[in-house]
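Spelled out, the chains give:
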Amino acid sequence: MKLSAEILILALMILSNGRVLTIRKPHMDPLTMLAPISFLLASLSLFSFSADVFILAIFLLSILVLLSNFHALIRYSSHLVIDRYSPLMKVWAWFTNTLCLLLLGTILFFSPVNISERKMEAVSTKSLYSGSFSKGFAPSERFETSTGFITEFTRPEGPEDLNTIIILLGDKRGDTESYRPYLLSLAEKGFTVVSGDFYSKDLKWIHSFEDSKTFRRMGLVLRSLINNQKFKSQREFYTYNFSREIETMISLMNAKYGNDCQFFIITDEMSYTAAEDFKKVKPEVISGIFDLSTVPEYITPGYGFIQQTDPFLGKFLGVSRDKKLEAVNACVNATINAINGEALHDN
């Protein structure tokens, strides 16, 4: 979805400025409307997906294209005929289209590995919730702002066993999308797997505007890359936040599936301590814990399976795009062994 949106927006911007280079006779200029449409779609994409370098670059480029077409938009709104464009406008059109083409090529080169739910025989369903950790969460009503997003992964025909539900408590340098190949693979094996992303105002990770749905992942990734030692020094603070997320996830799943369910928690580096502490308090609820960072093949702990979901970030971390899902398969096998009691996390 995100890749398709990026390609569409760039194509619209290329068409918008490409018209400047192909004018042959006086005419009305309806294609200039592609500039504000591109800006609108770029703005919606920025706030619909977690921000990254590509989304931000497209958004900034859409502003440049919109500004460069400002006078053309005024002429079109006044029903004036265009017979020529200025040399400066043509130069600017070449410049912005070159940027668009370069960005499009880079996005395609670093595109995520296509993970087909149909081929994997697994489906994902997202539920929207509104509320906060202090007051509780409830399913979002129409036109209500959603602050919680629970994604459930199962087989199309439904799970084999609902007595044990797997909860992913991923590191916040990733989100549900960062773990999607792994979650779909577990669902394909017959497990019910749920993952939550919460953005309520009473749970701060960065204590700035970056705590928003749009910027949180990017903000935490940058902080860990710039000063990983300082990032890890906040483990105790992060543990408190993860603890609140565990309580909320279990409460929401109990409301959906009943209070007889047990939960197996999958963690990733920074989230392990919170799960371990929660298990000590409520051992009757938690059947087990498994930390992905203990799997040798999982070489990007804390960031998710970026070999498939974010090859551009993987480039900075020294990992290559992986279509064979080698790390995913290794983690799935290790997780199933842990669930069956064949391998336990010892920390």
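Preceding this paragraph is the structure being described.
Notes on the structure in this doc start here. (Residues numbered from 1 in each chain as written. Predicted model: local features only at pLDDT ≥ 70, side-chain atom pairs only at ≥ 80, totals over all residues. Heavy atoms only, no water.)

## Quick notes on the overall build of the protein chain
Defined as follows: Per the convention used, a helix needs a DSSP run of H or I reaching at least four residues, while a strand needs a run of E reaching at least two, with both numbered from the N terminus. Three labels apply to residues, based on accessible area from a 1.4 Å probe with only protein chains included: buried if under 20% of the type maximum, exposed if over 50%, partly exposed otherwise in between. Pairs of residues are marked as contacts when any of their non-hydrogen atoms sit within 4.5 Å. Per-residue accessibility takes into account occlusion by the displayed protein chains alone, with areas from the Shrake-Rupley method and a 1.4 Å probe. The charge count treats Lys and Arg as positive and Asp and Glu as negative. His and the chain ends do not count. A charged residue contributes its charge at one atom only: NZ of Lys, CZ of Arg, CG of Asp or CD of Glu.
In terms of regular secondary structure, the protein chain is built from 14 helices and 7 strands. Scored against the burial criterion, the 347 residues of the protein chain give a buried share of 50%. Considering only contacts in the protein chain between residues 6 or more positions apart, those separated by 24 or more positions represent 74%. Working note: accessible area of the protein chain is about 17500 Å², and carbon and sulfur atoms make up 59% of it. Each charge class in the protein chain can be summarised by its mean position, and for the 35 positive and 36 negative side chains these summaries are 11 Å apart.

## Concerning the side chain of R216
By the secondary structure assignment, R216 is in helix α8 (residues 216–226). Those residues in contact with R216 that lie beyond four places of it in its chain are K172, F198, Y199, W205, I206, E210 and D211.

## Some words on helix α11 (residues 272–281)
Condition: To be clear, the arc concerns the directions from the helix axis to the C-beta atoms.
Buried within α11 are the following residues: Y272, A274, A275 and F278. Burial along α11 is one-sided: seen end-on, the buried residues are contained in an arc of 165 degrees. Projecting away from the buried face of α11 at angles above 90 degrees are the exposed residues K280 and V281. Next to the buried residues of α11 lie α10 (235–257), β6 (262–267) and β7 (286–291).

## Here's the deal with the environment of K90
Relative to the elements of secondary structure, K90 occurs in helix α5 (residues 87–109). Of the residues examined, K90 reaches a relative accessible area of 35% and is grouped as partly exposed. Taking the C-alpha atoms as reference points, K90 and D310, 220 residues apart in sequence, are found 35 Å from one another.

## A short note on the nonpolar core
The condition that has to hold: As used here, the term nonpolar core means buried Ala, Val, Leu, Ile, Met, Phe, Trp, Tyr and Cys residues forming a set that is joined through side-chain atoms within 4.5 Å.
Grouped together as the largest cluster of nonpolar side chains are 32 residues, with contacts concentrated most on I150, I246, I250, F263 and I286. Broken down by secondary-structure element, the contributors of at least two residues to this core are β4 (164–169), β5 (193–198), α10, β6, α11 and β7. In terms of residues, this core owes the most to one element, α10, which gives 7 residues. Those residues in contact with I286 that lie beyond four places of it in its chain are I250, F263, I265, F278 and K279. Within the second largest apolar cluster, 30 residues are counted, among which are Y179, L183, F264 and L325.

## Considering the sheet that holds β6
This is how it is decided: Pairing between strands requires that DSSP locate at least two bridges from one strand to the other. To get an axis, fit a line to the C-alpha atoms, keeping to the stretch in contact for a helix; angles then go from 0 to 180 degrees between the N-to-C directions.
Taken together, the 7 strands give an open sheet; going across it, the order is β2-β1-β3-β5-β4-β6-β7, and neighbouring strands pair in mixed fashion. Two strands in the sheet have a free side with no partner beyond their single neighbour: β2 (136–139) and β7. Sheet twist, expressed as the average angle between the axes of neighbouring strands with direction ignored, equals 25 degrees. In this sheet, β5 lies alongside strand β3 (residues 148–154) in antiparallel orientation, the contact comprising 6 bridges. Across the sheet, the residue bridging to F149 is D197, located in β5. Where helix α14 (residues 326–339) meets the sheet, its contacts fall on β4, β6 and β7, and the angle it forms with β6 comes to roughly 145 degrees.

## Looking at the pairing of β6
Definition in use: Classification remark: right-handed applies to a crossover when, strands pointing away from the viewer, the course from the first strand over the helix to the second runs clockwise.
Counting buried residues along β6, 5 of its 6 residues qualify, which places the element largely inside the surrounding structure. Bridge count between β4 and β6: 6 bridges; the pairing is parallel. The residue of β6 that forms the bridge with I166 is F264. Of the strand pairs in this sheet, β6 and β7 are connected by 5 bridges, and their pairing is parallel. Residue pairing in the sheet places T267 in a bridge with D291 of β7. At this point the chain moves from β6, through α11, to the parallel β7, and the crossover so formed is right-handed.

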